[in-house]
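# Structural features, examined
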Amino acid sequence: MSPSEATASVDPFSAWLSVRRGILNLLSLLALLIVGLSLSSSWFQPPPQTQLDLLQTHLALQAARTLDDPRYQDLAQALLGRNVFELANNRYRQVADNYAERLKRLKRVARLETVGEPELARMSDEVGPAQAPAVDPVLLASAQDLQAELDALRLRLGLLYAYQKDLEAAQQQWQQIVDPERPLELESGQKGVAQVLQGLWGTPRRILPEAEVQIRNHLDGWFEAVALQQLYRLQQRSDSLNALNQEQEKLALAALFRLTVVGGIPVLGALLGLILLLGWLGWSFWRQRPLVGPPWEVPWPGIGAQAVLTGWFLGFILLNALVPRLYTVLLGLGAQRLSPWHQAVTLFLTYNAGALLGAALLYRLLRLYPGWQKALQVRLWGPWPLWGLCGYWVALPLVVLAAALSQLLLPQAGGGNPILPLLLDSHGWGARLLFLAVVSVCAPVFEEVLFRGFWLPTLSRYLPMGAAILLSAFTFALAHLNLSDLLPLTMLGVVLGVVYSHSRNLLAPILLHSLWNTGSLVTLLVLGDAS
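Residues numbered from 1 in each chain as written. Predicted model: local features only at pLDDT ≥ 70, side-chain atom pairs only at ≥ 80, totals over all residues. Heavy atoms only, no water.

## A word on the overall build of the protein
As a reminder of what qualifies: Here a strand is any run of E in DSSP of at least two residues, a helix any run of H or I of at least four, and the numbering for each starts at the N terminus. Type-normalised accessible area, obtained with a 1.4 Å probe on protein chains alone, sets the label of each residue: buried when under 20%, exposed when over 50%, and partly exposed for intermediate values. Pairs of residues are marked as contacts when any of their non-hydrogen atoms sit within 4.5 Å. A 1.4 Å probe and the Shrake-Rupley method give the accessible areas. Residues count as covered only by the protein chains that appear here.
Looking only at helices and strands, the protein features 20 helices and zero strands. Expressed as a percentage of its 531 residues, the buried residues of the protein come to 44%. A separation threshold of at least 6 residues defines the contact pool for the protein, and within that pool the share at least 24 residues apart is 77%. Element-wise, carbon and sulfur atoms account for 63% of the exposed surface of the protein, whose accessible area totals about 27500 Å².

Next up, the structure:
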């Protein structure tokens, strides 16, 4: 072969295509690396579900007074059981132990594990400040936040012990907060109120200055009432004590109603879902119908789907860093902590910027392949509301089971939906409506178009339908970047995939997804307002 013939045999287009595929594979590996790092970092973070469980436990403590009221006794016993305080004690102790273990791991990584103030001073004298062990500021900030949360738990656990007359255990909890050996970097604002509580239940009893101010600033609900009752008894303020007891009786009824909403209704929905699931499975086996629908015939190639998912994920990560910063710069907010309203606005802008990026990538690919509408079908008429509603009920017991399995297999798994703490901190309806728009409208529409309308049909081209549904559900769960929700969201994704495979209408999984997110939002608002 002559040199000219060899040169002509090299196809420049083929070579450029190989380079592009190599770049795409590298970007996909980068996306997988980010996912892995996010999952590993979530290991140190308390899951928001734990906070929700504690809020529900707190609500049960507030409602405990109704157990002695003949008018509400039956309902209260059904919702609370008879061992309210024992269950609350166990729950708070388990969570405190979990947080303490997380903090221990984090302190080890941040080089703060065993170094107390005296030892820090000695090390500084011996080796000098220039040789003192460096501490990663990000890890230190995480450790400080986790320490503050752990101290808040210990305050409340101590009050539970004190209420049940176990004063020695109560003092041990509070002493861990005022421990003089704790590193200065990990001091929290709970120290003052811990000293107040130590005095109120100490021997002899002591009332420190500004005791009531400390209690009201650092405690709430049932815990605040218990501390104030002890303070008023020692101060012999019978009028204040009577007024406090009357207020707690009203709050107990409100708490019982809230527990009915967040506890009773989901249980009834889960029972209905279990009946529907068993009925559908029995009907499918009896009629010999497949549990999943048939695969799709998609015109686009798998590498196109890889490009869309990789581009969307990396772009979303970039937008998540840029949009909030640009927002604060344009409004001149500086480095100050954003209010719930501004946090809601930045979340709305960030999520929709990512959704628009994903829509643009989808349009750029799909416009090249006529017939793509057969996979991303949207029809206003049909049985899709029934599929969405029944799918929601069926998902309730399945996701609860998956969450229990996750807790069993990954008891230390952390992380969670970052929207949850923002919702708990919000009190104005303006911010809540924006959260509602993101959670109940934007997220269901975009995520169902991407994961069920696009990714699931793509996978069905290469895999059996059951495997395609499972892999698309797992990808959907991975995109949320936290360990604690990995199994529950995978199960939810499986139900969404099965519903779409049968309904062949994107409106069905969108409705299911919206109902799921809205139900979670309502639960959050009920629990948050109770606190």
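There's more to say after this.
## So, a nonpolar patch on the surface
Convention followed: Two joining distances apply to patches: 9 Å for like charges and 5 Å for nonpolar side chains (Val, Leu, Ile, Met, Phe, Trp, Tyr), and every residue must have over 30% relative accessible area and no salt bridge. What counts as a salt bridge is simple: a side-chain nitrogen of Lys or Arg found within 4 Å of a carboxyl oxygen of Asp or Glu.
Together, V19, I23, L27, L30, L33 and L37 line one region of the surface with nonpolar side chains, adding up to about 520 Å² of accessible area. Along the chain, L30 falls in helix α2 (residues 12-41). Taking relative accessible area as the criterion, L30 reaches 40% and is therefore assigned partly exposed.

## A few points about the layout of surface pockets
Selection rule: Space inside and on the surface of the protein is sampled on a 1 Å grid over the protein atoms alone, with a cavity defined as a set of points where a 1.4 Å probe fits but cannot get out and a pocket as an open set with protein on both sides within 12 Å along at least 5 of 7 lines; lining residues have an atom within 4 Å of a point. Grid points are joined across faces, edges and corners, and a volume is the space filled by probe spheres set on the points. Residues are sorted three ways: Asp, Glu, Lys and Arg are charged, Ala, Val, Leu, Ile, Met, Phe, Trp, Tyr, Cys and Pro are nonpolar, and all the rest, Gly among them, are polar.
Considering only enclosed or pocket space, the second largest pocket measures out at about 640 Å³ in volume. Taken together, 21 residues form the lining of the second largest pocket, with R20, I303, G304, A307 and R364 sitting closest to its centre. Secondary-structure elements contributing two or more residues to the lining of the second largest pocket are α2, α13 (302-331) and α14 (340-366). Considered class by class, the residues forming the lining of the second largest pocket number 14 nonpolar, three polar and four charged.

## Comments concerning the confidence of the model for the protein
Low pLDDT marks stretches whose predicted atomic positions should not be read closely. For clarity, the cut-off: Summary of the metric used: pLDDT quantifies the predictor's per-residue confidence within the range 0 to 100.
Looking at the protein, the pLDDT average stands at 84 and 86% of residues meet or exceed 70. Note that pLDDT drops below 50 for residues 1-10; the model gives that stretch one contact with residues more than four away or on any other chain. For residues 114-132, every residue scores under 50 in pLDDT, and the model assigns this stretch 19 contacts once sequence neighbours within four places are set aside.

## Examining the nonpolar core
Keep this limit in mind: By convention a nonpolar core is built from buried Ala, Val, Leu, Ile, Met, Phe, Trp, Tyr and Cys residues, the set being connected through side-chain atoms within 4.5 Å.
Among the nonpolar cores identified, the biggest contains 67 residues, and W296, W300, L450, F454, L492, L512 and W516 are the most heavily contacted of them. For this core, the element with the highest residue contribution is helix α17 (residues 429-460), accounting for 13 residues. Apart from the residues within four sequence positions on either side, W300 is in contact with L365, L366, Y369, W372, A375, L376, F454, T458 and R461. Core analysis: the second largest hydrophobic core is formed by 61 residues, L59, V84, A225 and L244 among them.

## Things to note about the side chain of R156
The line we're drawing: Polar contact is the term for a pair of N or O atoms within 3.5 Å; when the atoms are in protein, one must be able to donate a hydrogen and the other to accept it, and sequence-neighboring residues count only if both atoms are side-chain atoms.
Relative to the elements of secondary structure, R156 occurs in helix α7 (residues 137-163). Among the polar contacts listed, one links the side chain of R156 to the backbone oxygen of A152, at a separation of 3.0 Å. Once residues lying within four places of it in the same chain are set aside, the contact partners of R156 are Y92, H218, L219, D220 and F223.

## Regarding unusual backbone geometry
Cis geometry is adopted by the peptide bond preceding P204, which originates at T203 and carries an omega value of 0°. Mapped onto the fold, P204 is located in the loop between α9 (191-200) and α10 (211-218). In the Ramachandran plot, Q288 falls in the positive-phi region, its phi being about 55° despite a non-glycine side chain. Within the element layout of this structure, Q288 appears in the loop between α12 (238-286) and α13. Taking relative accessible area as the criterion, Q288 reaches 71% and is therefore assigned exposed. The residue R504 is not glycine, and still its phi comes out positive at about 55°. Note on placement: R504 falls in the loop between α19 (486-503) and α20 (507-530). For R504, a relative accessible area of 15% corresponds to the buried category.

## Details of the packing of aromatic side chains
Rules: What counts as a ring pair is set by centres within 6.5 Å for rings of Phe, Tyr and Trp (its six-membered ring), and what kind of pair is set by the plane angle: stacked under 30 degrees, edge-to-face over 60, tilted for all other angles. For a lysine, the NZ atom is tested; for an arginine, the CZ atom; a charge sits over a ring if that atom is within 6 Å of the ring centre and within 35 degrees of the ring normal.
The final tally for this structure, using the stated rule, is 15 aromatic pairs. Here Y92 and F223 contribute two aromatic rings whose centre-to-centre distance is 5.5 Å and whose plane-to-plane angle is 70°, an arrangement assigned as edge-to-face. Of this pair, Y92 sits in helix α5 (residues 84-109) while F223 is found in helix α11 (residues 221-235), placing the two residues 131 residues apart along the sequence. Exposure class is identical for Y92 and F223. Each is buried. Ring centres of Y392 and W516 lie 6.1 Å apart, and the angle between their planes is 75°; this geometry places the pair in the edge-to-face category. Linking Y392 in helix α15 (residues 384-409) with W516 in helix α20, this pair joins segments that are 124 residues apart in sequence. With a relative accessible area of 18%, Y392 lands in the buried category. Ring-pair connections join several aromatic residues into one group, and the members of that group are W312, F313, F316, Y351, F446, F451 and F476. The positively charged end of R156 is found above the aromatic ring belonging to F223, 5.8 Å away from the centroid. Stacked on the ring of W296, the Lys or Arg R504 has its end atom at 4.0 Å from the ring centre.

## A short note on the environment of G311
Examined against the element boundaries, G311 turns out to sit in helix α13. The spacing of G311 and L361 is 50 residues in sequence and 7.6 Å in space, taken between C-alpha atoms. Excluding its chain neighbours within four sequence positions, the residues that come into contact with G311 are L357 and L361.

## Regarding the pattern of salt bridges
Going through the model one piece at a time under the given rule, you end up with seven salt bridges. Residue R71 is joined to D69 by a salt bridge in which the shortest nitrogen-to-oxygen separation is 2.8 Å. Two residues, R237 and E212, come together in a salt bridge whose shortest N-O distance is 3.1 Å. In this pair, R237 sits in the loop between α11 and α12 while E212 sits in helix α10, placing the two residues 25 residues apart along the sequence. Residues joined in a network through salt bridges with shared partners are E212, R216, E224 and R237.

## Quick word on α9
In terms of residue burial, α9 counts as a mostly covered element, since seven of its 10 residues are buried. Burial in α9 covers these residues: V193, A194, V196, L197, Q198, G199 and L200.

## Observations regarding the environment of A403
Tracing the chain through its elements places A403 in helix α15. Note on A403: relative accessible area 34%, which makes it partly exposed.

## What about the packing of α15 against α19?
So the rule is basically this: Note on geometry: axes are lines fitted to C-alpha atoms, helical ones only across the stretch in contact, with angles between N-to-C directions running from 0 to 180 degrees. Each angle receives one of four descriptions, namely roughly parallel if under 35 degrees, roughly antiparallel if over 145, roughly perpendicular if within 65 to 115, and oblique otherwise. Each crossing gets its handedness from the near helix: less than a right angle anticlockwise from the far helix is left-handed, clockwise is right-handed.
As a packed pair, α15 and α19 sit with axes 7 Å apart at the nearest point and diverge in direction by 155°. For the element pair α15 / α19, the angle class is roughly antiparallel. The hand of the α15/α19 crossing is right-handed. Contacts between α15 and α19 involve W387, G391, A395, L398, V399, A402, A403, L405, S406 and L409 from the former and L487, P488, M491, L492, V495, V499, H502 and S503 from the latter. Across the contact of α15 with α19, the residue classes tally to 14 nonpolar, four polar and no charged.

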